[in-house]
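# Examination of the molecular architecture
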Amino acid sequence: PITEDPDQPFNLRLQLAAQAGIGLAAGVRFHFRGTQGLVVYMARGTTDINKLKSETNEQYLLSATDVIGSIVCLRNPRRDCLAERREAREAFRRRVRNKMLAVIGIGGPILREMLQRQYEQGIVPVLHEEFTAPNRLSLELSQASLSSSMDSRRSIYSLASFQKRLSMKKRLIMAARKWKGANNDPPPPFSNVEALWTFVGCFLTMLMLLYFSDFIKEQNSQYSLVLGPFGALVTLQYSLTSAPASQPRNVILGQAISISIALCMTYTRLEVNMRRSLGTALCISLMARLGVTHPPAGAAALIFTGGEYTWVHMGIMMAGNVLAILSSAGINNFNVKRQYPTSWGVGYWIKHFCRRKEKEE
């Protein structure tokens, strides 16, 4: 059974299904309006196979698959409809808010000027004795509303500060709760075969990079490969093969951005610790903004901001990263359970450029 396969990661759902006595499974495909899927039916291992394969039972399962497939097909249009309604409500709320702010911003000064002119002319509201308490209360409330409208901007600022204080309190409570963790299960460990494959890949790739560094040093003793970030790189490529940070797009662009910024920081007159902190922070934040986060590039930024390396070292680093990508692709793809890379990232930039061009048109 699949639950006893040593190459499969631990799956609580499969374990519970096996404990419940489920030993048979069958999948029926469906295809509705471009939506494809597979409905899996499970039965106990002691069930009579002839009953399961009977014509009436097969027709029932096919009809049930049609119903389930139609529900799944309805999911995407329903989500789009809800998103459209939500956007319409948000647009209406923004229009109402903008109009209210415009009325307050324009009407407040006009009302203040009008009341000031009436006061100078001696036209002021007077409370008479025959006014009852409710009338006085209503007049006081109206005067209070007028004064609040005249001081609208001050009221808005005070409300914003109050909301900021309230949100800060909520954020502190939320941050304290997050310290408890989300109680998520840790990722499953590798099997013996996968761990051995990771060992072989890391060993061969690092050995190739070390020989490449020695070759560069033999040609010119001033230059060599900065090996620190490559330990993190091979960890990503052979232990987190499908992670976005491991893909060639993130490797190449992340390293190019980080090392370029780090070398530019060496031309400043900042103190060393300040320069290293600022350069590393700039590199990491820019990688996150561009969607090319790559942890070894952050390590390279910290190293290169020290001022001990030049632009020639950057070229050597980029060549080393290309060699590591080629090596990882060759070794990982020999394993039937792995694929590297999962994406070269070229299509993303083409789609982004096409969308931007459509918006401009």
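Our structure's up above, just so we're on the same page.
Residues numbered from 1 in each chain as written. Predicted model: local features only at pLDDT ≥ 70, side-chain atom pairs only at ≥ 80, totals over all residues. Heavy atoms only, no water.

## Examining the overall build of the chain
The number of helices and strands found in the chain is 12 helices and two strands. Reading the secondary structure of the chain in the N-to-C direction produces α-β-β-α-α-α-α-α-α-α-α-α-α-α. Within the chain, residue pairs in contact and separated by at least 24 positions form 66% of the contacts whose partners lie at least 6 positions apart. When the accessible surface of the chain is split by element, carbon and sulfur atoms take 61% of a total near 26200 Å². (Helix = DSSP H or I, 4+ residues; strand = E, 2+ residues; numbered from the N terminus. Contact = heavy atoms within 4.5 Å. Areas by Shrake-Rupley, 256 points an atom, 1.4 Å probe, with all protein chains shown as cover.)

## Things to note about the pairing of strand β2 (residues 35-44)
Two strands pair when backbone bridges link them, and strand β1 (residues 22-32) and β2 are joined in this way by 10 bridges, in the antiparallel orientation. Bridge assignment links leucine 24 to a residue of β2, and that residue is alanine 43. The hairpin turn running from β1 into β2, its antiparallel successor, is two residues long, and arginine 33 in that turn takes a positive phi close to 50°. (Pairing = 2+ DSSP bridges.)

## Side note on the nonpolar core
Within the largest apolar cluster, 21 residues are counted, with the highest numbers of intra-cluster contacts made by Leu225, Phe230, Ile259, Phe304 and Met317. Among the secondary structure elements, those contributing two or more residues to this core are α6 (192-219), α7 (228-239), α8 (248-265), α10 (295-304) and α11 (311-332). Among the elements that make up this core, the one with the highest residue count is α11 (seven residues). Excluding residues that lie within four positions of it along the chain, methionine 317 makes contacts with Leu225, Val226, Pro229, Phe230, Gln255, Ile259, Ala300 and Phe304. (Core = buried A, V, L, I, M, F, W, Y, C linked by side-chain atoms within 4.5 Å. Buried < 20%, exposed > 50% of the residue type's maximum accessible area, 1.4 Å probe, protein only.)

## Quick word on the packing of α8 against α11
The interhelical angle for the contact between α8 and α11, taken along N-to-C directions, is 170°, at an axis separation of 10 Å. Compared by their axis directions, α8 and α11 come out roughly antiparallel. The handedness of the crossing between α8 and α11 comes out as right-handed. Each of Pro248, Val251, Ile252, Gln255, Ala256, Ile259, Ser260, Leu263 and Cys264 in α8 lies in contact with α11, whose residues at this interface are Trp311, Met314, Met317, Met318, Asn321, Val322 and Ile325. Counted by class, the contact of α8 with α11 contains 13 nonpolar, three polar and no charged residues. (Axes fitted to C-alpha atoms, helices over the stretch in contact; angles between N-to-C directions. Parallel < 35°, antiparallel > 145°, perpendicular 65-115°, else oblique. Left-handed = near helix turned anticlockwise from the far one by under 90°. Nonpolar A, V, L, I, M, F, W, Y, C, P; charged D, E, K, R; others polar.)

## Things to note about the packing of aromatic side chains
All chains considered together, the criterion is met by two aromatic pairs. Taking 6.2 Å as the distance between ring centres and 15° as the angle between the ring planes, the aromatic pair formed by phenylalanine 199 and phenylalanine 203 counts as stacked. Of this pair, phenylalanine 199 and phenylalanine 203 both sit in helix α6, separated by four residues, roughly a single helical turn. For phenylalanine 203, a relative accessible area of 47% corresponds to the partly exposed category. The interplanar angle of 40° and the centroid separation of 5.2 Å between the aromatic rings of phenylalanine 304 and tyrosine 309 together place this pair among those described as tilted. By relative accessible area, which is 0% here, phenylalanine 304 ends up buried. (Phe/Tyr/Trp six-rings, centres within 6.5 Å; stacked < 30°, edge-to-face > 60°.)

## Observations regarding α7
The first and last C-alpha atoms of α7 sit 18 Å apart over 12 residues, in line with the 16 Å expected at 1.5 Å per residue. Packing partners of the buried residues in α7 comprise α6, α8, α10 and α11. (Expected span 1.5 Å × (residues − 1).)

## Examining the pattern of salt bridges
Under the defined criterion, the tally for this structure stands at four salt bridges. Between arginine 93 and glutamate 90 there is a salt bridge, and its shortest N-O distance comes to 2.6 Å. Of this pair, arginine 93 and glutamate 90 both sit in helix α3 (residues 55-120), three residues apart, roughly one helical turn. Given a relative accessible area of 44%, arginine 93 falls into the partly exposed group. For glutamate 90, a relative accessible area of 30% corresponds to the partly exposed category. The closest approach of N and O atoms between glutamate 194 and arginine 338, which form a salt bridge, is 2.9 Å. Residue glutamate 194 is found in helix α6, and its partner arginine 338 is found in the loop between α11 and α12 (346-360); the two are separated by 144 residues along the sequence. Across the pair, exposure class does not vary: glutamate 194 and arginine 338 are buried alike. One network of salt bridges, in which partners are shared, links Glu87, Glu90, Arg93 and Arg94. (Salt bridge = Lys/Arg side-chain N within 4 Å of Asp/Glu carboxyl O.)

## Things to note about the side chain of glutamine 247
In this fold, glutamine 247 is placed in the loop between α7 and α8. For glutamine 247, a relative accessible area of 5% translates into the label buried. For glutamine 247, the side chain forms a polar contact with the main-chain oxygen of threonine 241, separated by 3.1 Å. Beyond its immediate chain neighbours, meaning those up to four positions away, glutamine 247 contacts Thr241, Ser242, Tyr340, Pro341, Thr342 and Ser343. (Polar contact = N/O pair within 3.5 Å; in protein donor to acceptor, adjacent residues only side chain to side chain.)

## A short note on the packing of α6 against α7
A pair of packed helices is characterised by two quantities: the angle between their axes and the separation of those axes. α7 packs onto α6 with a crossing angle of 145° between their chain directions and a minimal axis gap of 10 Å. Viewed along their axes, α6 and α7 form a crossing whose handedness is right-handed. Note on element contacts: α7 touches α6 through Phe230, Val234, Tyr238 and Ser239, opposite Thr198, Gly201, Cys202, Thr205, Met206 and Leu209. The residue makeup of the contact of α6 with α7, split by class, is six nonpolar, four polar and no charged.

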